[in-house]
Amino acid sequence: MGKVEGKVALVTGAARGQGRSHAVRLAAEGADVIVVDVPREVTEIAYPTGTREELEETVALVEGQGRRAVAIAADVRDVDDLVSGVASAVEQLGRLDIIAANAGIASNPFLSHEMAPSTWNQMIDINLTGVWNTVHAGVPHVLAGDRGGAVVLTSSAAGLKGYAHISHYSAAKHGVVGLMRSLANELAPSRVRVNSLHPTQVDTPMIQNEGTYRIFSPQLEAPTRDDFEQASRATNALPVPWVDVEDVSNALMFLVSDEARYVTGVALPIDAGTTIR
């Protein structure tokens, strides 16, 4: 049997990248999966967001593992859409045991005092409030099952240390840690464990774009992927420029499985040592 056989998981940001990897891995380990992603473009970022077509591809990949999938095209900023969509999906699948609040955006680089209020607000709305919205929509269904459960919030290495030019991102990701720790205390009596993931750079479209290249190589007028690779490698203790989505999904699977049955309130780095430098 798989590590999460017969359970149901909710994964946000599931159209591609880490979210898709999490959804497929959970399905491979026996879970049915509710997959969520934004149905429209997000402004002020240097890369396109996931599409409805990509979300349907994730559904097909989950079903290819022999598991059921329900797709919700919703923006995590829209709490009403999220609440109604999750409720409908849980009704279809019968239960909810696992929440992976993974949806988030990266940013172009800005000095904190020069950042537009709209840029700050969008980041906080998606990367912090969107995580709370996901918990708000999902946790009541986990509690209703009275079987315990696991909640994993995706933060970042930037949730454990400060990076120049992305203070809005770092502030949101630090906020996720505070939310995680409070939830871990609140939900422990119901045997619901809550932890957070803290990756370094992950090889996905969210970082492989001009905005990220400029954050890591601000001295260059038009930095390339090769420039970013060198700069990114220098941030990690291990001699790698970034980790892969599978590395983060491995950590997620540990945290939601019975192998971590007594692990809660933990901020787990998957960071090639960047937070020890």
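Residues numbered from 1 in each chain as written. Predicted model: local features only at pLDDT ≥ 70, side-chain atom pairs only at ≥ 80, totals over all residues. Heavy atoms only, no water.

Looking at an unreviewed UniProt entry, the protein chain carries the name Mycofactocin-coupled SDR family oxidoreductase, with the source organism given as Nocardioides imazamoxiresistens. Among the UniProt annotations of the protein chain, the heading Sequence similarities (unreviewed entry) holds the following wording: "Belongs to the short-chain dehydrogenases/reductases (SDR) family." (UniProt positions renumbered as here; feature names shortened; annotations may be inferred.)

### Observations concerning the sheet that holds strand β6 (residues 192-199)
With parallel pairing, the 7 strands of this open sheet are ordered in space as β3-β2-β1-β4-β5-β6-β7. Each edge of the open sheet carries a strand with a single partner, namely β3 (69-73) and β7 (267-270). The mean inter-strand angle of the sheet, taken between neighbouring strand axes irrespective of direction, is 15°. Sheet analysis places strand β5 (residues 149-154) next to β6, joined by 6 bridges and oriented parallel. Bridge pairing in β6 links Val152 to Asn195. On the sheet, helix α8 (residues 245-256) packs against β4 (98-101), β5, β6 and β7 and is oriented at approximately 165° with respect to β6. (Pairing = 2+ DSSP bridges. Helix = DSSP H or I, 4+ residues; strand = E, 2+ residues; numbered from the N terminus. Axes fitted to C-alpha atoms, helices over the stretch in contact; angles between N-to-C directions. Contact = heavy atoms within 4.5 Å.)

### Points about the environment of Val240
By secondary structure assignment, the location of Val240 is in the loop between α7 (225-235) and α8. Leaving out residues up to four positions away in the same chain, Val240 has contacts with Arg233 and Ala272.

### As for the nonpolar core
Counting 48 residues, the largest nonpolar core has Ile34, Leu96 and Leu153 as the members making the most contacts within it. No other element matches helix α5 (residues 167-187), which puts 9 residues into this core. With sequence-adjacent residues up to four places away left out, Leu153 is seen in contact with Ala101, Val131, Val135, Val176, Leu179, Met180, Leu183, Asn195, Ser196 and Leu197. In this structure, Ala27, Val33, Leu55 and Met253 belong to the second largest nonpolar core, which totals 30 residues. (Core = buried A, V, L, I, M, F, W, Y, C linked by side-chain atoms within 4.5 Å. Buried < 20%, exposed > 50% of the residue type's maximum accessible area, 1.4 Å probe, protein only.)

### Side note on the packing of helix α1 (residues 17-28) against helix α2 (residues 52-63)
It is the contact of α1 with α2, at a shortest axis distance of 9 Å, that shows an interaxial angle of 20°. The pairing of α1 with α2 is recorded here as roughly parallel in orientation. Crossing handedness for the pair α1 and α2: right-handed. From α1, Arg20, Ala23, Val24 and Ala27 reach across to α2, where they touch Glu54, Glu57, Thr58, Leu61 and Val62. (Parallel < 35°, antiparallel > 145°, perpendicular 65-115°, else oblique. Left-handed = near helix turned anticlockwise from the far one by under 90°.)

### Digging into the pairing of β5
With 6 of 6 residues buried, β5 lies mostly within the body of the structure. Along β5, one buried face is formed by Gly149, Val151 and Leu153 and the opposite face, lined by Ala150, Val152 and Thr154, is buried too. For β4 and β5, the ladder comprises 4 bridges, and the chain directions are parallel. From the neighbouring strand, Ala100 faces β5, where its bridge partner is Val152. Crossover handedness for the path β4 to helix α4 (residues 117-145) to β5: right-handed. The handedness of the β5 to β6 crossover, carried by α5, is right-handed. (Right-handed = clockwise from strand over helix to strand, strands pointing away.)

### What about the packing of aromatic side chains?
Here the structure, examined in full by the defined rule, presents 3 aromatic pairs. Taking 5.2 Å as the distance between ring centres and 70° as the angle between the ring planes, the aromatic pair formed by Phe216 and Phe228 counts as edge-to-face. With Phe216 in helix α6 (residues 210-216) and Phe228 in helix α7, the pair connects residues that are 12 residues apart, well separated along the chain. Using a relative accessible area of 0% as the deciding quantity, one classes Phe228 as buried. (Phe/Tyr/Trp six-rings, centres within 6.5 Å; stacked < 30°, edge-to-face > 60°.)

### Some details on the side chain of Thr119
Within the secondary structure, Thr119 sits in helix α4. Looking at Thr119, the relative accessible area reads 6%, which means it is buried. In contact with Thr119, not counting residues within four places along its chain, are Glu44, Phe110 and His168.

### Focus: helix α3 (residues 79-93)
Here α3 is 15 residues long and its end C-alpha atoms lie 21 Å apart, about the 21 Å a rise of 1.5 Å per residue gives. Among the residues of α3, Leu82, Gly85, Val86, Ala89, Val90 and Leu93 are the ones counted as buried. Seen along its axis, α3 keeps its buried residues to an arc of 130°; they face one direction. Residues of α3 that are exposed and point over 90 degrees away from its buried face: Asp80 and Glu91. (Expected span 1.5 Å × (residues − 1). Arc of directions from axis to C-beta.)

### Here we look at the packing of α3 against α4
In contact at an axis separation of 9 Å, α3 and α4 are set at 30° when each is read in the N-to-C sense. Compared by their axis directions, α3 and α4 come out roughly parallel. In the packing of α3 onto α4, the handedness of the crossing is right-handed. Contacts between α3 and α4 involve Val79, Leu82, Val83, Val86, Ala87 and Val90 on the former and, on the latter, Asn133, Thr134, His136, Ala137, Gly138 and His141. Across the contact of α3 with α4, the residue classes break down as 7 nonpolar, 5 polar and no charged. (Nonpolar A, V, L, I, M, F, W, Y, C, P; charged D, E, K, R; others polar.)

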